Amino acid sequence: MSVTVPVEVPTGSPVNAVHFVARNDTGHLAALVALVDAGAVRVDITASRPLAQSGRTRGKIILVR
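Residues numbered from 1 in each chain as written. Predicted model: local features only at pLDDT ≥ 70, side-chain atom pairs only at ≥ 80, totals over all residues. Heavy atoms only, no water.

S.K.: How would you explain the overall build of the protein chain if you had to name every residue and give the values?
M.R.: Across its full length, the protein chain holds 1 helix and 2 strands. Along its sequence from the N terminus, the protein chain presents helices and strands in the succession β-β-α. Taken over 65 residues, the protein chain has a buried fraction of 0%. (Helix = DSSP H or I, 4+ residues; strand = E, 2+ residues; numbered from the N terminus. Buried < 20%, exposed > 50% of the residue type's maximum accessible area, 1.4 Å probe, protein only.)

S.K.: Any chance you could break down a nonpolar patch on the surface for me, citing the residues and the numbers?
M.R.: Together, Leu29, Leu32, Val33, Leu35, Val36, Val41, Val43 and Ile45 make up a nonpolar patch on the protein surface, roughly 660 Å² of accessible area in all. Residue classification places Val33 among the partly exposed residues on the basis of a relative accessible area of 41%. (Patch = residues over 30% accessible without salt bridge, like charges linked within 9 Å, V, L, I, M, F, W, Y side chains within 5 Å. Areas by Shrake-Rupley, 256 points an atom, 1.4 Å probe, with all protein chains shown as cover. Salt bridge = Lys/Arg side-chain N within 4 Å of Asp/Glu carboxyl O.)

S.K.: So what about helix α1 (residues 26-38)? Which residues, and what values?
M.R.: Between the first and last C-alpha of α1 there are 18 Å, a value that for 13 residues agrees with the 18 Å anticipated at 1.5 Å per step. Of the residues that open α1, the one with a side-chain oxygen 2.9 Å from the backbone nitrogen of Gly27 is Asp25. (Expected span 1.5 Å × (residues − 1). Polar contact = N/O pair within 3.5 Å; in protein donor to acceptor, adjacent residues only side chain to side chain.)

S.K.: I'd like to hear about the confidence of the model for the protein chain, residue by residue, with values.
M.R.: When pLDDT is averaged along the protein chain, the result is 79, and 83% of the positions lie at 70 or above. Here strand β1 (residues 2-6) stands out as the least confident element of the protein chain, with mean pLDDT 74; α1 is the most confident, with 89. (pLDDT = per-residue confidence, 0-100.)

S.K.: Give a description of the environment of Val18 that names residues and reports values.
M.R.: Tracing the sequence through the fold places Val18 in strand β2 (residues 18-22). With 11 residues separating them along the chain, Val18 and Val7 place their C-alpha atoms 5.0 Å apart. What Val18 contacts, discounting residues up to four positions off in sequence, is Thr4, Val5, Pro6 and Val7. (Contact = heavy atoms within 4.5 Å.)

As structure tokens, this is what we get:
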């Protein structure tokens, strides 16, 4: 089960935003990976660094081996 709640953005902002909480589901994760691999979903990477140098971070972290 997932929960989605609208988020207020500044007036005139060109973005839409939602806050969401989702349960971990390996089947859904595998489907998402397949979409990324097929090029149907784009993942924007803002930074890349060795894990030992990550220090304190904000946002989501994706580990790739």
